[in-house]
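Single-letter residue listing:
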Amino acid sequence: MSSPPAPNRPRGVISFVDRLVLVAFAAVLAAIAALVVGVMGLANHDFGQELAGTAELFGLKALATLIDGTPVEDIGAMIQQAATAALAIWLAPIALVAVIGETMGRASWMFYAIGMALAFAVAPMVMSLNILAIMLLYRALLGLTAIGIVAGTVYWLVAGRSAAG
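Residues numbered from 1 in each chain as written. Predicted model: local features only at pLDDT ≥ 70, side-chain atom pairs only at ≥ 80, totals over all residues. Heavy atoms only, no water.

**Details of the overall build of the chain**
Of the regular secondary structure elements, the chain holds 7 helices and 0 strands. The order of helices and strands in the chain, counted from the N terminus, is α-α-α-α-α-α-α. Split into buried and exposed, the 165 residues of the chain put 33% on the buried side. Put simply, 69% of the contacts in the chain that link residues at least 6 apart link residues at least 24 apart. In the structure as shown, the chain presents an accessible area of about 10100 Å², 71% of it carried by carbon and sulfur atoms. (Helix = DSSP H or I, 4+ residues; strand = E, 2+ residues; numbered from the N terminus. Buried < 20%, exposed > 50% of the residue type's maximum accessible area, 1.4 Å probe, protein only. Contact = heavy atoms within 4.5 Å. Areas by Shrake-Rupley, 256 points an atom, 1.4 Å probe, with all protein chains shown as cover.)

**Comments concerning a nonpolar patch on the surface**
On the surface, a nonpolar cluster with roughly 480 Å² of combined accessible area is contributed by Val-13, Phe-16, Val-17, Leu-20 and Val-21. Relative to the helices and strands, Val-17 resides in helix 1 (residues 11-44). (Patch = residues over 30% accessible without salt bridge, like charges linked within 9 Å, V, L, I, M, F, W, Y side chains within 5 Å. Salt bridge = Lys/Arg side-chain N within 4 Å of Asp/Glu carboxyl O.)

**So, the pattern of salt bridges**
Tallying each qualifying case throughout the model produces 1 salt bridge. A salt bridge links Glu-102 to Arg-19; its shortest N-O distance comes to 2.6 Å. Remark: Arg-19 occurs in helix 1 and Glu-102 occurs in helix 4 (residues 75-104); sequence separation between them is 83 residues. Considered together, Glu-102 and Arg-19 belong to a single accessibility category, that of buried residues.

**Overview of the confidence of the model for the chain**
A low pLDDT means the predicted coordinates there should not be read in detail. Confidence in the prediction of the chain, expressed as mean pLDDT, is 74, and 56% of residues score 70 or more. The secondary structure element of the chain with the lowest average pLDDT is helix 6 (residues 131-138), at 58, and the one with the highest is helix 7 (residues 141-158), at 87. (pLDDT = per-residue confidence, 0-100.)

Take a look at the structure:
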């Protein structure tokens, strides 16, 4: 006969914290996979030549000057812009789909792959309402979709398969 859980440590709280740690770990791994796929895609398709223009269209002027090879005078602004871009473009779509999937108890690979593909495709457009940036990103839509599918697959492999709602 098993003993009941101790009153000071309810089983529900412990399993919630365990799940929260697993979801955060899965999101970080998915972001790393998305970054690797994104960098590989940029390198293979010569989109990197337009990277400075893209950064400037999104208002990331310090990053644009660094990409162009000009020394950046305000390192703090560059770090802040890089962190903002990383959060908005890499982590926000993953976190959004992960939270929805966990809340709804979705354990389907399709949910995470398609959800993150859509989230990655839409995230840069939401980040900037500049029409020129959206037109430039239209050409990268396939790449962003591939990044989302990879991120969704990695998340699903680590945490999504056991989402319990």
